[in-house]
Amino acid sequence: MLKILKKLFEKKTEKLKYGACYGVLHGRYVGELFVYIESKGNILYFLSIPNMKNREVPLEKYKYGIKNNVLEYVQMLPRNEKKVCRAQFYANQK
């Protein structure tokens with residue numbers, strides 16, 4: 001019963017926020033979780049978990065993925081996990 005109520009009031013968001021976690025349900029990266037880090041222009045940058053690799057996704061493909069259930073919003077990560085993901089993302093860039 002509590003799970004049903006929680007789902008009713010849970011935010012289903014397409015709005016990108018730092019630390020938002022998305023599950024990949026289809027395609028090349030199926031089974032990975034993408035953690036949103038930042039965007040520059042029309043490119044969105046994610047950290048892929050469990051591979052810990054940086055992924056670049058054009059904004060159009062992100063919108064297509066949300067609309068066609070390729071990407072599914074999972075949850076917002078806790079603050080300490082967001083910090084670890086951001087640190088790993090920038091370490092991968094070096």
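Our structure is the block above this text.
So, a few notes on the structure that sits alongside this text.

### Observations concerning the sheet that holds strand 4 (residues 53-58)
Think of a sheet as strands paired side by side through backbone hydrogen bonds, with each pair either parallel or antiparallel. In space, the 5 strands of this open sheet follow the order 4-3-2-1-5, with antiparallel pairing throughout. With one partner strand each, in any of the chains shown, strand 4 and strand 5 (71-76) form the two edges of the open sheet. Adjacent strand axes in the sheet meet at a mean angle of 40 degrees, parallel and antiparallel pairs treated alike. Alignment of strand 1 (residues 20-24) against strand 5, held across 5 bridges, turns out to be antiparallel. Each residue of the ladder has a partner; that of Cys 21, found in strand 5, is Gln 75.

### Brief notes about the packing of aromatic side chains
Summed over the entire model, instances satisfying the criterion amount to 9 aromatic pairs. With 5.9 Å between their ring centres and 55 degrees between their planes, Tyr 29 and Phe 34 make a pair best called tilted. The class of Phe 34 is buried, set by a relative accessible area of 4%. Measuring from ring centre to ring centre gives 5.4 Å for Phe 89 and Tyr 90, while their planes differ by 80 degrees; the resulting arrangement is edge-to-face. Residue classification places Phe 89 among the buried positions, given a relative accessible area of 0%. Through pairs of rings, three or more aromatic residues link up here, namely Tyr 22, Tyr 29, Phe 34, Tyr 36, Phe 46, Tyr 62 and Tyr 73. A cation over a ring is seen here: Arg 86 above Tyr 18, with NZ or CZ 3.9 Å from the ring centre.

Criteria and cut-off values
Residues numbered from 1 in each chain as written. Predicted model: local features only at pLDDT ≥ 70, side-chain atom pairs only at ≥ 80, totals over all residues. Heavy atoms only, no water. Pairing = 2+ DSSP bridges. Helix = DSSP H or I, 4+ residues; strand = E, 2+ residues; numbered from the N terminus. Axes fitted to C-alpha atoms, helices over the stretch in contact; angles between N-to-C directions. Phe/Tyr/Trp six-rings, centres within 6.5 Å; stacked < 30°, edge-to-face > 60°. Buried < 20%, exposed > 50% of the residue type's maximum accessible area, 1.4 Å probe, protein only. Lys NZ or Arg CZ within 6 Å of the ring centre and 35° of its normal.

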